[in-house]
Amino acid sequence: MKIAVVGAGPAGVRAVETLVAAGHRPVWIDEAPDGGGRIYQRPPPPLGRNAKTLYGFEAQRATALHDTLDAMKPHADWRPDTLVWHVRPGAKRLQTLHRGAQGAVEYDAVLLCTGAMDRVVPVPGWTLPGVTTMGAAQISLKTQGCGIGSRVAFLGSGPLLWLVAYQYAKAGADVVAVLDTTSFATKARAAPGLLRGGATFAKGLYYIGWLRAHGVRIAEGVTPLAIAGDATSGVTGLSWRDAAGRQAQVDCDAIGIGWGLRPEAQLADLAGIPFRFDDTQHNWVPERDIAGRTAVAGHYLAGDGAGIGGAEVAELAGTRAALALLQDAGAAVDIALAARLDRKLAAAWRFRVALERASPYPVHLAAGLPDDAILCRCEGLRVGELRAAAAEDYPAGRAPEMNRAKSFTRTGMGRCQGRVCGAAAAEILAAALGRPVTDIGRLRGQPPVKPIPIAAPAAEAVP
Amino acid sequence: MTTACDVLIVGGGGAGCSAALHLAQRGQRVILLERGLVGSQASGVNYGGVRQQGRNPAELPIARRSHALWQRMPELVGNDIEFTVTGHLKLARDEAEEAELIAYLDVAREHGLALRMVGRNSLHLDYPWLGPKVVAGSFAAEDGSANPRLLSASLARAARAAGARIEEHTRVTGFAHDGALFRLTAEDGRAFTAPLLLNVAGYWGGAVAAAFGEPVPITPLSPNMAVTEPIPFFIEPNIGVVGGNVYLRQIPRGNVIIGGGHAENNADNDASGRPWARPLPEVTLEALGLAVAIVPSLAGVQVIRSWTGIDGQMPDRIPVIGPSGTTPGLFHAFGFSGHGFQLGPGVGAIMTELMLDGHTDVPLQPFRIGRWQSPA
């Protein structure tokens, strides 16, 4: 049986471990030069920073995952630095790109562990040099030992906001402000549910406490106004309105922004797996059962790419989806283990609901953006250009849903294919149409999942 | 609920929306029924070439008629659909292909289409970015390109403003004619009646014709398309090749659109009742290879998206246009075989004349629906 696993983050590692234990040798593909996923991305060997510095509380978990990753590589057809840019569910074939070379991988069953990326809301000035997503700011620090700036502000919401700010401060950056767009009241309402998360919740409190103790400026319930700066000098400052309506600002040379994560689910989409809108996460997610089975036979999902659950959940889900795959292939699996994982996953999802409620996607910020703010970085489109497509007098008629708005305005048609602007674009269009965001659909996935280069002409073509 | 009108149109592509506009402008009560949103298939997701060059001679009179409408788009629909006259440069990559270009010059002259043959030396002088494989070209100065995503929707909006009803998300499942009136039934139970019916349903036009007892040998066709990231503008003309295995154009904002080969599809309704089509990676890669042989500096440029849609192809690669052979009041215009985008606006005008006046200036004999039947 030909099995392919896409992704070598927490879900992919545990999935491959399970498959190898059952005697399989899967093709194992990761887009990055090494496994570990974004969360446990390792620095190149010469940097040699220790796990405790890199991963803090997560050091033990990270080390354990890396150990399994390295132990599994010889037991799999390990293909790092390889992008899967298309999948044909009927032909059961993955189209790959490895250092400029095209390739294809045939499979009988595939497990997609494609992870997540930052979810952003545009802020006027967000395309200035020096503005980075929170996740990218963290990766820069983790893998290159390099910060995004020396006077750094963080703006957003969710666990990553506090964690990254803490990591930057610990690494010696001057963290000039941590601005949470979620109000204290919203978080307080979610607190009872969060307590169920135990250690995770405690870690969050620790970071916030540490930042306060070290005199870092913190504000909650803020409304970002604008990022100041220009194209040559980059970011010079950030202004916002605080919860009481007072305007404030800070000078800085870099800003990390992020409002939680969104699944990198383009392959699931291209595989024809149905999607649903997850109200709690406020994301479109591919449909699967708790074990990772989907409506498309032979196609399984695990990890954040199947709905944001975080690294711990991803590890459980990776094992569970591999068991489901094996079970469906007729193998005898440890039923008790599967049942135990199901219970753990269900409990973890309950905590996740509380976490999401504590840092909801700021719909009001996206819908309230001024017309002249840049919405789509790739296409240089402004918010007003998308809003205009919701009007009856738009030259091509009103765009009643997201893909039609894309057709008319080019929103989501650039290099990122809407991965960056899509979430905010949906809120802007929905608000302009006066309809719930669930009604206007989602940008459909189109290959390539990420840009692929045109290869040079074959040698014989040149006389 | 049954709604009566003067003319029913099935299919909201370029031809259908243009017909809705032209019929409404002549005072007809028109209802257009479209399964999805207008311009969702062949008319909306094609390459965007607005080309007369290289067409089957039979199509040239329609293309000429359509060309006039393309030039008048701003007054017709209130926006220009990004129609740009860039010229169309059709290239030969060997002597046999060059001979084809030369042979077509006579055909073009007969139909008043101005073509200019460009020999190897001046070709590489005028277009220094062409690769060494290219040996000759034929330039059609009047041709150009437009934004397919805007055509049908803009025509539909103008049609609505002129009084037509455009019913989107209306899948017709029942077709009947009682001798005087057509009666179409939608999936949701709504019914529509009219003495005239225009079938402009693309690939699915074949099923409509079959419903009225005149099946045709139509097959689904899904041209495979890709587009690059924006790069500095340098490819001015719309580029084609003899044989048509690749075509490319650059829009002023910088993206290069590259077509060639065919994608996979399931045009007949699958279990979910929804047709689908999707680009094939190997076909995309082959087209990119052919493109970079013509324009070598495209090497290393990133492709950011690929797509396709569903058109209907006839065995002789020209559409079915004209009155039904079985049912009075029924008219067809479908099966544009992958090159109907330019023709759409003109076809709408021609069908309006045919339906309301009983005749049109454009010769339609080659397109008759009965052409596959052996003479009785």
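Nothing here was measured: the structure is a model prediction, and the numbers come from that model.

The rules behind these values
- Residues numbered from 1 in each chain as written.
- Chains lettered and ligands numbered in written order.
- Predicted model: local features only at pLDDT ≥ 70, side-chain atom pairs only at ≥ 80, totals over all residues.
- Helix = DSSP H or I, 4+ residues; strand = E, 2+ residues; numbered from the N terminus.
- Rg over C-alpha atoms; globule rule 2.2 N^0.38 Å.
- Buried ≥ 20, exposed ≤ 12 C-beta atoms within 10 Å, placed from the backbone.
- Contact = placed C-beta atoms within 7 Å.
- Pairing = 2+ DSSP bridges.
- Axes fitted to C-alpha atoms, helices over the stretch in contact; angles between N-to-C directions.
- Expected span 1.5 Å × (residues − 1).
- Domains from an automatic or database assignment.
- Nonpolar A, V, L, I, M, F, W, Y, C, P; charged D, E, K, R; others polar.
- Core = buried A, V, L, I, M, F, W, Y, C linked by C-beta atoms within 7 Å.
- Left-handed = near helix turned anticlockwise from the far one by under 90°.

A. Just the overall build of chain B, in detail. For chain B, the helix and strand inventory stands at 10 helices and 25 strands. Taking 2.2 N^0.38 as the reference for a compact globule, 376 residues should give roughly 21 Å; the C-alpha atoms of chain B span a radius of gyration of 21 Å, in line with that estimate. Looking at chain B as a whole, 57% of its 376 residues are labelled buried. For chain B, the share of sequence-separated contacts (at least 6 apart) that also reach a separation of at least 24 residues comes to 74%.

B. Examining the sheet that holds strand β12 (residues 218-220) of chain A more closely. All names here are of chain A. Strand order in this open sheet of 5 strands is β9-β16-β10-β11-β12, and the pairing throughout is parallel. What marks the edges here is a single partner per strand, and that holds for β9 (131-133) and β12. Here the average twist between neighbouring strands, direction ignored, is 20°. Against the sheet, helix α4 (residues 134-144) touches β9, β10 (151-157) and β16 (254-259), its axis set at about 90° to β9. Taken strand by strand, helix α5 (residues 159-170) contacts β10, β11 (174-180) and β16, and its axis lies near 175° from that of β11.

C. Summary view of helix α7 (residues 148-161) of chain B. Residue and element names in this part refer to chain B. With 14 residues, α7 should reach 20 Å at 1.5 Å per residue; the first-to-last C-alpha distance of 21 Å fits that figure. In terms of residue burial, α7 counts as a mostly covered element, since 12 of its 14 residues are buried. Considered for burial, the residues of α7 that qualify are P148, R149, L150, L151, S152, A153, S154, L155, A156, R157, A158 and A159. Backbone geometry just downstream of α7 places G163 in the positive-phi region, at approximately 110°.

D. View of the domain arrangement of chain A. Residue and element names in this part refer to chain A. Looking at chain A, the domain boundaries give domain 1 (3-117 + 262-356), domain 2 (120-259) and domain 3 (363-440). Relative to domain 3, the C-alpha centre of domain 2 lies at a distance of 26 Å. Contact with domain 2, which involves 8 residues of that partner, is made by 11 residues of domain 3. Residues of the side of domain 2 that touches domain 3, tallied by class, amount to 5 nonpolar, 3 polar and no charged.

E. A look at the environment of A:A297. Examined against the element boundaries, A:A297 turns out to sit in the loop between β19 (283-286) and β20 (299-301). Taking the C-alpha atoms as reference points, A:A297 and A:L163, 134 residues apart in sequence, are found 39 Å from one another.

F. The arrangement of the nonpolar core in detail. Membership of the largest hydrophobic core comes to 258 residues, with the highest contact counts inside it found for A:L429 and B:A20. In terms of residue count, helix α9 (residues 311-328) of chain A provides more of this core than any other element does, 10 residues in total.

G. How the structure looks around the packing of α9(A) against helix α10 (residues 335-358) of chain A. Residue and element names in this part refer to chain A. Viewed as axis vectors pointing N to C, α9 and α10 meet at an angle of 145°, and their least axial separation amounts to 10 Å. Note on packing geometry: the crossing formed by α9 with α10 is left-handed. Here E312, V313, L316, A317, T319, R320 and L323 of α9 lie close against α10, whose contacting residues are A338, L341, D342, K344, L345 and A348. When grouped by side-chain class, the residues that make up the contact of α9 with α10 number 8 nonpolar, 1 polar and 4 charged.

H. Highlighting the pairing of strand β14 (residues 234-241) of chain A. All names here are of chain A. Pairing of strand β13 (residues 223-230) with β14 involves 7 bridges; the strand directions are antiparallel. Within β14, the position partnered with D230 by the bridge is G234. The turn joining β13 and β14, which pair antiparallel and follow one another in sequence, is formed by 3 residues. Note that β14 and strand β15 (residues 247-251) share 5 bridges and pair antiparallel. Residue pairing for β15: W240 is matched across the bridge by A248. Hairpin connection of β14 to β15: 5 residues between the antiparallel strands, including G245 at a positive phi of 90°.

I. Quick peek at the sheet that holds strand β4 (residues 82-88) of chain A. Residue and element names in this part refer to chain A. On the basis of which strands lie adjacent, the open sheet formed by 3 strands has the order β4-β5-β6 and antiparallel pairing. In the strand order of this sheet, the two ends are held by β4 and β6 (101-106), each with one partner. Between one strand axis and the next, the sheet turns by 25° as a mean value, whatever way the strands run. Here strand β5 (residues 93-98) runs beside β6; their pairing, made up of 6 bridges, is antiparallel. Its bridge partner being in β6, R93 is matched across the sheet by E106.

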